[in-house]
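A structural walkthrough
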Amino acid sequence: MADLGLFGAGLLTAFGFFVGVLGSVMGVGGGIFLVPLLVLHLGVPIHQAVAVSLVSIVATSSAVASVNVERGLANMRLGVVLEMTTALGSIAGALVSSALPGGVVQRLFALLLLPVSAMMFVRGARQRKGAGRAATGSARAPVPPGRFGGSFYDPSLHADVSYAVRRVAPASALSFVAGSLSGLLGLGGGIIQVPVMTLLCGMPMKAAAATSNFLMGVSAAASALIYLRQGLIVWHLAAVIVAGVLLGSFVGIRLLHKTESGRLQMAFSALVLLAALKMLGGAR
Amino acid sequence: MTEKEFGGLIQRTLLGGVSISLLLFLSGAILRLGGSGLSEACLAAGVVALVLTPVARVAMLAYGFFMVGEYWLSAASGVVLALLAVSAML
């Protein structure tokens, strides 16, 4: 905290808290908010920002998954299968990122934020529509779970939801891509994993978000261990942010049932778009 | 081991790692305010404890799947654990 000062450390912890709440409510790791803040406002080199972001993703994932496993929302069986390719992709991404100049990584990050912003907006709109349908009480009919299927109690439907999981092999291949992005750019990969699990595997949104959150901890840890060995993790910076992220994640879990995450996602898609444009402009 | 006990094991592992890490961050901050040179080591230990939390969770998954008789999922967890070990050595 020598470079930050008490006030700066407090501000970063508060920002980490905000990222933690958003991460758990929206089912993302928070890297899309954290990396631009560190690079654009604090002048942290992109590789160090990515490393700190990965540590904060581990924090969000561990805190949120501890509750989602208990609620039966996170599908541990599917999670561990997808973790094999996600971890592999994450290692590859971290190695590629370390070899690339900072300006290239920053441009890649900014370019990826553009479709992420659009997807957040669309996902938010869909969730709002889904929430409307849920309010009218449309529960899924029970389905045989199969090898990877599962079930959980959905309080918004006042019913148990059971589901089967299809197309695990192509989902594993796409998880490699999600893992690569995690290692390369310090993102959780949820922006890929959640659509893959809902659209390709046929999982309900809540189970997909929880399972994505469950496995993003491993992909982030795989890359973070590489950045750790390379000495790219700034301890005091990571500690002040992560302390806030952890506290925010636990508060976010409590808020999860009360907040309308669809509207939040639509609002924050504009913020992500702005961050993308600023990072593109600032890349050297 | 029942499914509920298995979930409880994973939950305790994750909460344990996160709690240890938070305690180390708090200790590091207090030591820093007291002007101790140990604060950086404490913060570093907190970050390392946090990064190792998913590693411990995967190890518990391997154990849990083995105990419930789902051997191939236990083996899959072992593969993930091996990949994490490789990343720690790169």
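Up top you'll find the structure we're talking about.
Heads up: these notes are all about the structure in this document. The structure presented is a predicted model; accordingly, all values stated were derived computationally and were not measured. (Residues numbered from 1 in each chain as written. Chains lettered and ligands numbered in written order. Predicted model: local features only at pLDDT ≥ 70, side-chain atom pairs only at ≥ 80, totals over all residues. Heavy atoms only, no water.)

1. Describing a nonpolar patch on the surface
Residue and element names in this part refer to chain B. A cluster of nonpolar side chains, contributed by Met1, Tyr63, Phe66, Met67 and Tyr71, occupies part of the molecular surface with about 540 Å² of accessible area. In terms of residue count, helix α2 (residues 39-67) provides more of the nonpolar patch than any other element does, 3 residues in total. Tracing the sequence through the fold places Phe66 in helix α2. (Patch = residues over 30% accessible without salt bridge, like charges linked within 9 Å, V, L, I, M, F, W, Y side chains within 5 Å. Areas by Shrake-Rupley, 256 points an atom, 1.4 Å probe, with all protein chains shown as cover. Salt bridge = Lys/Arg side-chain N within 4 Å of Asp/Glu carboxyl O. Helix = DSSP H or I, 4+ residues; strand = E, 2+ residues; numbered from the N terminus.)

2. Regarding the pattern of salt bridges
As enumerated under the stated definition, the model contains 3 salt bridges over all chains in all. The partner of A:Arg77 in a salt bridge is B:Glu3, and the shortest N-O contact between them spans 2.8 Å. Note that A:Arg77 is positioned in helix α4 (residues 76-99) and B:Glu3 in helix α1 (residues 3-33), a pairing that runs across two chains. Owing to a relative accessible area of 14%, A:Arg77 belongs among the buried residues under this scheme. For A:Glu83, the salt bridge is made with B:Arg57, and the minimal N-O distance between the two is 2.7 Å. Of this pair, A:Glu83 sits in helix α4 while B:Arg57 sits in helix α2, each in a different chain. With respect to class, A:Glu83 is no different from B:Arg57; both count as buried. Bridged by salt links that share partners, the residues A:Arg77, B:Glu3 and B:Glu70 form one connected network. (Buried < 20%, exposed > 50% of the residue type's maximum accessible area, 1.4 Å probe, protein only.)

3. Thoughts on the packing of aromatic side chains
In total, this model carries 5 aromatic pairs over all chains according to the counting rule given. Ring geometry for B:Phe66 and B:Tyr71: centres 5.3 Å apart, planes at 65°, overall edge-to-face. In this structure, B:Arg57 packs its charged tip against the face of A:Phe214, placed 3.8 Å from the ring centre. (Phe/Tyr/Trp six-rings, centres within 6.5 Å; stacked < 30°, edge-to-face > 60°. Lys NZ or Arg CZ within 6 Å of the ring centre and 35° of its normal.)

4. Concerning the nonpolar core
A:Leu38, A:Met203 and A:Ile241 are the most contacted members of the largest nonpolar core, which totals 106 residues. Leave out the neighbours within four places in its chain, and A:Ile241 touches A:Leu12, A:Gly16, A:Leu34, A:Leu38 and A:Val52. (Core = buried A, V, L, I, M, F, W, Y, C linked by side-chain atoms within 4.5 Å. Contact = heavy atoms within 4.5 Å.)

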